[in-house]
Amino acid sequence: MDIQELQYPHTHSKNDFPESVVAIGYFDGVHKGHQKVIQTAIDLANEQGRESAVMTFHPHPSVVLKKNKQQIELITPLEDKLNLLEQMGVDRVFLVTFDEDLAGLLPQEFVDYFFIGLNVQHVVAGFDFSYGKMGKGSMETLPFHSRGAFSQTVVQKVESEDEKVSSSYIREELHQGNVGYIYNLLGRYYTIKGTVVKGDQRGHTIGFPTANIERKDAYILPQVGVYAVKVQIGDTIWNGMANIGYKPTFSDSTEKPAVEVYVFDYEGDLYGQELVVEWRKFIRNETKFDGVHALIEQLNQDEKEIRSFFNDN
Ligand SMILES: Cc1cc2nc3c(=O)[nH]c(=O)nc-3n(C[C@H](O)[C@H](O)[C@H](O)COP(=O)(O)O)c2cc1C
Ligand SMILES: Nc1ncnc2c1ncn2[C@@H]1O[C@H](COP(=O)(O)OP(=O)(O)OP(=O)(O)O)[C@@H](O)[C@H]1O
């Protein structure tokens with residue numbers, strides 16, 4: 001997959017790129033709605049003997065439009081999004097810098113620079129896609145702005161339980177801890193990549209050594225609580241239980257939640273390793289226990305419940 005970074009104004013001419021069918025959007029999560037849009041572009045490109053491309057943006061538009069927020073948390077930070085697009089078989093990604101200049105382009109200017117100017121022959125987007133300053137361009141105005149240089153396909157709404165599958169919907173479900181349901185929206189479980197860092201070293205003294213995960217990118221954290229997880233260490237996948245929270249039994253701080261995983265049956269040192277944590281099921285809320293023994297009793301119960309969940313799933 002070729003990744004072409006672009007910024008407004010770019011100096012490319014049409015001849016720099018082969019004819020393409022392009023799917024356009026921010027695509028955070030590469031969820032089922034996005035997959036339909038992207039797969040439609042791939043299928044049409046194959047039929048038309050053209051290159052398939054995805055045009056996406058970086059950073060997230062809200063970083064530029066709402067100036068107070070520096071970094072928005074994402075379902076699929078850029079590296080994960082690009083990996084998923086590559087797995088789908090996309091030939092090229094046009095990665096467009098989203099800055100104030102880009103946000104200020106009139107719809108016609110956007111189309112001239114980023115579709116006509118890059119030799120795009122067909123555009124695929126969802127029914128509610130918008131482009132240009134204040135999102136004034138839509139799938140209704142696109143034929144006019146195309147100046148006859150390309151055609152278009154509008155993808156109809158993909159829904160789950162009568163609700164449009166969207167990045168915002170997935171974010172809300174994650175914030176509520178509904179990680180099991182997320183599978184229906186993403187077509188896969190939610191994952192977070194991170195590195196194992198040193199914690200307070202208390203875990204092994206209570207019989208549950210945990211890997212403390214520092215998130216690699218700005219991933220959204222599911223709701224505070226205890227979860228059944230799969231953990232990828234190198235090429236091997238393990239079962240485990242994770243806690244997202246503040247360890248209220250030991251600390252009064254509610255500043256920054258920790259993410260820690262007890263990997264079942266794993267023996268060895270994990271410090272410095274990169275792990276992928278896949279969130280399978282919400283088990284319970286985090287609780288302040290009356291001492292370490294009550295916590296240990298609960299952790300034994302959690303382990304039993306989660307092992308039995310994985311035996312059945
Ligand atoms: C599956 C799991 C569930 C946990 N649940 C709680 C909890 O309900 N309340 C709490 O105070 N700490 C909870 N913890 C956090 C433990 O207190 C923590 O793992 C232990 O103190 C070790 O911390 P350390 O890694 O900072 O040394 C949980 C940890 C795991 C792995
Ligand atoms: N459920 C869906 N059905 C069909 N098309 C969709 C769906 N969700 C998004 N799309 C289309 O996929 C492209 C990328 O969508 P985009 O990332 O902008 O929004 P989104 O997933 O709806 O998220 P948000 O909640 O942030 O608006 C756009 O062309 C959009 O119209």
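Note that the structure is predicted; figures quoted are calculated from it, not measured.

K.L.:
Would you take a moment to explain the site of ligand 1 for this structure?
P.N.:
Around ligand 1, the surrounding shell holds 21 residues, and the nearest of these are Arg-202, Lys-247, Thr-249, Arg-284 and Thr-287. Within the side chain of Lys-247, an N or O atom sits 2.6 Å from an oxygen atom of ligand 1. The side chain of Thr-249 places a nitrogen or oxygen atom 2.6 Å from an oxygen atom of ligand 1. Elements with a minimum of two residues in the shell around ligand 1: β14 (236-245) and α9 (292-312). For the shell around ligand 1, the element with the most residues is β14, which contributes three residues. The class makeup of the residues in the shell around ligand 1 is eight nonpolar, seven polar and six charged.

K.L.:
Hey, could you run me through the pairing of strand β11 (residues 190-197) in this one?
P.N.:
Remark: a regular strand shows side chains that alternate across the two faces of the sheet. Relative to strand β16 (residues 274-284), β11 runs antiparallel, the two sharing six bridges. When the sheet's bridge partners are listed, Thr-191 is paired in β16 with Glu-278.

K.L.:
Is there a simple way to explain the packing of aromatic side chains in this structure?
P.N.:
What describes a pair of aromatic rings is the distance from one ring centre to the other and the angle between the planes of the rings. A complete count under the given rule lists 18 aromatic pairs for this structure. Taking the centre distance of 5.3 Å and the plane angle of 80° together, the rings of Phe-17 and Phe-94 count as edge-to-face. On the criterion of sequence distance, the pair formed by Phe-17 in the loop between β1 (2-6) and β2 (20-24) and Phe-94 in strand β4 (residues 92-97) is long-range, its members being 77 residues apart. On the basis of relative accessibility, which here comes to 5%, the residue Phe-17 falls in the buried class. Aromatic side chains Tyr-262 and Phe-264 sit 5.8 Å apart centroid to centroid with 70° between the ring planes, which places their arrangement in the edge-to-face category. Given the relative accessible area of 3%, Phe-264 is considered buried. Three or more aromatic residues joined by ring pairs form one cluster here, namely Tyr-8, Phe-57, Phe-98, Phe-110, Tyr-113, Phe-114, Phe-115, Phe-129, Tyr-131 and Phe-150. When the ring centre of Tyr-271 is taken as origin, the NZ or CZ atom of Lys-198, which lies over that ring, is 4.8 Å away.

K.L.:
Even after reading the chapter, I still don't get the pairing of strand β13 (residues 225-233), so can you show me in this structure?
P.N.:
With eight of nine residues buried, β13 is to be regarded as a mostly interior element. Sheet topology note: the β13/β14 ladder contains nine bridges and is antiparallel. Bridged to Lys-230 within β14 is Asn-239. Counting the residues between successive antiparallel strands, the hairpin from β13 to β14 contains two residues, one of them, Gly-234, with a positive phi of roughly 60°.

Conventions adopted
Residues numbered from 1 in each chain as written. Chains lettered and ligands numbered in written order. Predicted model: local features only at pLDDT ≥ 70, side-chain atom pairs only at ≥ 80, totals over all residues. Heavy atoms only, no water. Near = heavy atom within 4 Å. Polar contact = N/O pair within 3.5 Å; in protein donor to acceptor, adjacent residues only side chain to side chain. Helix = DSSP H or I, 4+ residues; strand = E, 2+ residues; numbered from the N terminus. Nonpolar A, V, L, I, M, F, W, Y, C, P; charged D, E, K, R; others polar. Pairing = 2+ DSSP bridges. Phe/Tyr/Trp six-rings, centres within 6.5 Å; stacked < 30°, edge-to-face > 60°. Buried < 20%, exposed > 50% of the residue type's maximum accessible area, 1.4 Å probe, protein only. Lys NZ or Arg CZ within 6 Å of the ring centre and 35° of its normal.

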